[in-house]
Amino acid sequence: RMPVKRLKLTLSAPPPDEDLDDDREPDEAGAAREGEFDLRDCVITNVHAPMWVTPTGHVYLESFSNVYRQASDFLVAIAEPVCRPQYVHEYKITDSSLCTAASIGLATESIITKLQQLSKLEVHPDVLTLIREATGKYGKVKLVLQRQRYFLDCARSRDKLPTLLRDEVVKRAIVRRDADAAARAAEANALGAGALASSGADMLMIEDLENITGAGADAAVAEDDLADADTSIEVDGNQISVLKKRCQEIGLPVLEEYAHRSDSDTPNIKMGLRGTERLRNYQEKALQRMFGNGRARSGIIVLPCGSGKTLVGIAAANTVKKPVLVLCTSAVSVQQWRKEFLRWTDLDPRRVSVFTSSNKDLWVNDPRAKPVSAAAAAANSALGGAAAANALPARLHITLQPGALEHSESIPDCDLHLWEDGEEPVDGRIKEGGVLVTTFHMIGFRGSRGKESGAVMRAISSRDWGLLLLDEVHVAPAATFRRVVEVVRAHAKLGLTATLVREDDKIDDLGYLIGPKLYEANWLDLQNAGAIATVKCQDVWCPMTAEFYAEYLRQPSNAKRLLLYALNPTKMRNCEILMRSHEARGDKIIIFSDNILALTTYARRFNRLMIHGKTPDRERQEVLARFREDHSVRTIFLSAVGDTSIDIPEASVIIQVNSHFGARRQEAQRLGRILRAKKGAVPGVVNAWFYTLISRDTAEMFYSAKRQQFLIDQGYDFEVIDKLDSLADETLLAGLTMDSKEAQLELLRTVLCATDDDGQVEPPADDEDAKAIGLLGGVRRTIKLANALSGGDADFYRESNNNGDGNYYYYSLRKTI
């Protein structure tokens with residue numbers, strides 16, 4: 001089994017003449033002692049308490065305690081999970097985690113009291129000081145959006161306003177709209193130590209986490225008009241991220257919460273949840289953290305794949321009941337979100353629109369917008385000429401296709417709105433709203449846009465959104481997507497992810513881009529409760545054949561070495577054994593390979609379906625449909641495009657033959673493809689399998705250990721299988737593809753004839769993780785052999801016709817004879 005982190009308590013000091021570890025360097029020994037503490041000076045005040053709180057802020061929780069559930073909920077609210085194996089969980093109390101606790105309404109003394117009650121030891125004064133300082137500074141500054149204008153409000157602590165006005169970054173972002181702004185700033189600067197301080201009464205006191213409700217009295221109080229308030233300053237909406245980061249640096253983290261029930265400026269949505277299925281306990285807890293005081297707090301919710309993140313986002317949208325903008329990572333995910341909104345809510349389908357490169361649904365208030373459908377065009381022409389234009393309805397629902405407005409004038413910005421359905425604007429506000437689902441790419445694109453996309457973008461940026469939902473929020477810090485938060489003006493932001501981890505140093509940026517982490521579920525607790533599948537993780541070690549390993553040792557090219565251990569004949573043989581075994585059981589199997597040459601080689605030799613980055617969307621949908629519905633199709637091969645945004649609840653087996661080097665997030669995302677709860681499953685009984693095939697004595701072993709660290713921290717164990725043949729039945733070993741020496745040598749010749757370009761992995765689009773670990777450069781020269789130019793690599797080109805139907809046609813480069 002792979003090693004997991006364990007708690008080490010130093011019961012006695014080593015003798016003065018002995019080192020802690022003679023075989024380690026001094027710096028290594030010091031690193032090993034970090035997080036340990038000496039029990040000799042500790043006073044155990046409560047033997048039956050479930051937690052050990054160290055002076056450094058590390059907390060160790062006994063999962064076998066009778067009060068584990070209550071203690072776990074409390075620790076998730078105030079500390080960061082470090083490692084959560086089966087019996088003892090490790091957490092770390094940090095400045096940011098305590099700010100998160102304050103953001104969900106936990107009071108300082110309430111945190112200290114509960115920590116002392118649940119700790120075996122007397123809580124160290126340094127920890128108490130950290131709690132008081134971190135929670136005391138949160139909530140002093142509040143960011144408010146009112147009618148397309150942003151304000152920093154210091155009503156809760158007026159003495160902090162001079163600090164903001166003296167900061168150079170804040171001063172550059174201030175918007176001055178009238179002559180009295182300077183006078184108000186001078187008056188604010190005059191505020192000193194005698195100014196009104198926050199009484200603390202505004203901070204919600206929560207004595208029991210289980211009693212959080214969404215019906216706080218604060219919910220009915222409308223936001224004051226901040227334009228004329230002497231405790232607020234208006235700031236540039238394009239610099240919100242910079243301001244929030246700066247406020248965090250100067251010790252004044254910004255509070256973002258939205259009084260959605262009392263907001264009369266933003267249109268409401270007629271929306272309700274349908275069905276009799278109730279939210280699960282952990283989903284309710286996540287929503288309680290967001291709406292605990294009757295207002296919508298901005299932040300991030302972390303739930304495992306397959307545990308219902310989408311439903312949590314839809315329930316949040318239903319609670320806010322204001323216009324919702326959903327951002328996804330791909331067009332496939334866009335369609336899935338729209339489908340789920342229509343499944344779980346009673347929204348009119350016309351009010352759940354999508355905005356992608358091929359589909360732009362909107363409501364247009366302009367008679368010059370011509371309908372593109374044949375039926376609508378015929379009805380329009382029947383009216384005849386100019387009279388027809390004047391007789392068009394005030395609102396016309398159309399689907400704008402590329403080139404649809406080439407023949408018409410530009411639509412004025414003020415006349416383009418979303419989902420108005422015959423409702424006229426009142427006092428500059430729109431009576432009704434809806435849901436728009438799009439991708440990060442569509443909003444964050446910085447190049448020139450077509451008329452249709454430009455019109456939709458103006459409509460998006462010219463209104464206040466009640467809720468911004470960000471699916472797979474860990475991609476938001478990427479340079480490509482950071483602009484999204486500035487373009488979209490939203491009262492509240494909710495990020496959803498299963499893996500709050502990145503290989504670069506940008507994951508902390510989410511704290512000011514989106515908000516603090518509101519809730520994070522324990523994967524093993526959900527598995528034991530039956531909310532997600534019970535997975536058995538196994539590493540299958542595959543020795544390299546003599547010929548392949550000799551070439552591996554002499555190859556100077558890393559790309560060629562990757563091909564050698566990815567196409568190791570022993571690995572291919574073990575893959576076939578596992579595939580045969582689970583197909584005989586009736587399981588649905590997904591086999592992953594990031595290298596396209598390896599993917600196509602495996603799929604063609606085993607005669608199975610495959611999907612990779614060059615597969616057209618239409619073919620992808622057909623292959624996935626066959627995999628879901630056809631019982632004879634048990635196995636499918638996927639590249640990195642299958643890591644996210646593909647919902648295959650029928651799959652129960654994952655086999656990895658090649659991966660994206662040491663990316664921890666990809667390991668967890670792939671595990672998530674089989675985490676959805678299985679019908680009729682018994683909690684605690686294995687009903688899903690996760691295999692990783694690793695070529696022994698190669699760089700792949702190092703990458704595999706790094707990739708698994710995130711899942712190990714979640715409590716998963718990885719069992720190592722050294723000899724798969726000894727565990728397989730003789731019937732599974734008969735007639736394997738790689739049994740003959742001739743087949744192995746033929747495969748070796750294929751690898752040696754491949755180019756270095758063939759040895760590259762297929763990273764997802766805008767993969768910042770790959771850039772962070774040096775796998776992708778800005779420009780890469782592609783080398784192709786002569787057979788590729790004639791279609792030997794199954795390349796294709798895309799062609800669109802000019803008749804305005806928006807369809808694309810894909811043609812293979814291979815000649816048809």
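As the structure is a prediction and not an experimental result, all values here were calculated from the model.

Conventions used here
- Residues numbered from 1 in each chain as written.
- Predicted model: local features only at pLDDT ≥ 70, side-chain atom pairs only at ≥ 80, totals over all residues.
- Heavy atoms only, no water.
- Helix = DSSP H or I, 4+ residues; strand = E, 2+ residues; numbered from the N terminus.
- Buried < 20%, exposed > 50% of the residue type's maximum accessible area, 1.4 Å probe, protein only.
- Contact = heavy atoms within 4.5 Å.
- Areas by Shrake-Rupley, 256 points an atom, 1.4 Å probe, with all protein chains shown as cover.
- Axes fitted to C-alpha atoms, helices over the stretch in contact; angles between N-to-C directions.
- Parallel < 35°, antiparallel > 145°, perpendicular 65-115°, else oblique.
- Left-handed = near helix turned anticlockwise from the far one by under 90°.
- Pairing = 2+ DSSP bridges.
- Expected span 1.5 Å × (residues − 1).
- Arc of directions from axis to C-beta.
- Salt bridge = Lys/Arg side-chain N within 4 Å of Asp/Glu carboxyl O.
- Core = buried A, V, L, I, M, F, W, Y, C linked by side-chain atoms within 4.5 Å.

Student: Go over the overall build of the protein, please, and point to the residues and values.
Tutor: A count of helical and extended segments in the protein gives 31 helices and 29 strands. A total of 817 residues make up the protein; the buried ones form 52% of that total. For the protein, long-range pairs separated by at least 24 residues make up 80% of all intrachain contacts whose partners lie at least 6 apart in sequence. Only carbon and sulfur atoms are counted for the fraction: they give 50% of the accessible area of the protein, which is about 36400 Å².

Student: Could you give an account of the environment of Asp 617, with specific residues and numbers?
Tutor: Mapped onto the elements of the fold, Asp 617 is located in helix H24 (residues 617-629). The partly exposed category is assigned to Asp 617, whose relative accessible area is 45%. Measuring from C-alpha to C-alpha, the distance between Asp 617 and Val 332 comes to 8.9 Å, with 285 residues separating the pair along the chain.

Student: So what about the packing of helix H4 (residues 108-118) against helix H5 (residues 125-136)? Which residues, and what values?
Tutor: Taken N-terminus to C-terminus, the directions of H4 and H5 make an angle of 155°; their axes are 9 Å apart at the nearest point. For the element pair H4 / H5, the angle class is roughly antiparallel. Pair H4 / H5 crosses with right-handed handedness. Along the contact surface, H4 presents Thr 108, Glu 109, Ile 111, Ile 112, Leu 115 and Gln 116, while H5 presents Val 127, Leu 128, Ile 131, Arg 132 and Thr 135.

Student: Give me the lowdown on the sheet that holds strand S4 (residues 88-92), citing residues and values where you can.
Tutor: The sheet built from 4 strands is open, its strands ordered S1-S2-S4-S3 with antiparallel pairing. Both outer strands of the open sheet, strand S1 (51-53) and strand S3 (80-83), are each paired with one neighbouring strand and no more. Between one strand and the next, the sheet's axes are offset by a mean angle of 25°, whatever the strand orientation. Pairing of strand S2 (residues 58-62) with S4, which is carried by 5 bridges, proceeds in the antiparallel orientation. Of the residues in S4, the one forming a bridge with Tyr 60 is Glu 90. Sitting on the sheet, helix H2 (residues 68-78) touches S1, S2 and S4, and the angle it makes with S2 is about 155°.

Student: Lay out helix H12 (residues 331-344) with the relevant residues and their values.
Tutor: A rise of 1.5 Å per residue sets the reference length of H12, with its 14 residues, at 20 Å; its end C-alpha atoms lie 20 Å apart and thus fit the reference within 8%. Residues Ser 333, Val 334, Trp 337, Glu 340, Phe 341 and Trp 344 constitute the buried set of H12. Taken around the axis of H12, the buried residues stretch over an arc of 130°, which confines them to a single face. Where the residues of H12 are buried, they touch helix H11 (309-320), strand S12 (324-328), strand S13 (352-355), strand S17 (435-439), strand S18 (465-471) and strand S19 (490-497).

Student: Describe the pattern of salt bridges, with residues and values.
Tutor: It is possible for side chains bearing opposite charge to pair when their charged atoms get close. If you walk through the whole model with that rule in mind, you get 31 salt bridges. The closest approach of N and O atoms between Glu 256 and Lys 244, which form a salt bridge, is 2.4 Å. Separated by 12 residues along the polypeptide, Glu 256 in the loop between strand S8 (254-255) and strand S9 (257-258) and Lys 244 in helix H9 (residues 240-249) bring together distant segments of the chain. Taken as a pair, Glu 256 and Lys 244 share a single burial class, namely buried. With its nearest N and O atoms 2.8 Å apart, the salt bridge here joins Arg 585 to Asp 587. We classify Arg 585 as exposed; its relative accessible area is 52%. The structure contains a network of salt bridges with shared partners spanning Glu 80, Arg 84, Lys 517 and Glu 520.

Student: Describe the nonpolar core, listing the residues and the values that go with them.
Tutor: If you look at the biggest cluster of nonpolar residues, it comprises 97 residues, and the most contacted ones within it are Ile 78, Leu 115, Phe 341, Val 535 and Leu 671. Other than its neighbours up to four places away in sequence, Leu 671 contacts Trp 523, Val 535, Cys 537, Phe 690, Leu 711 and Tyr 716. Formed by 43 residues, the second largest nonpolar core is a distinct cluster that contains Leu 562, Met 572, Ala 743 and Val 761.

Student: Now, about helix H3 (residues 95-103): what can you tell me, with residues and values included?
Tutor: Judged by how many residues are buried, H3 sits mostly within the fold: 7 of 9 residues are covered. Buried within H3 we find Ser 97, Leu 98, Cys 99, Thr 100, Ala 101, Ala 102 and Ser 103.

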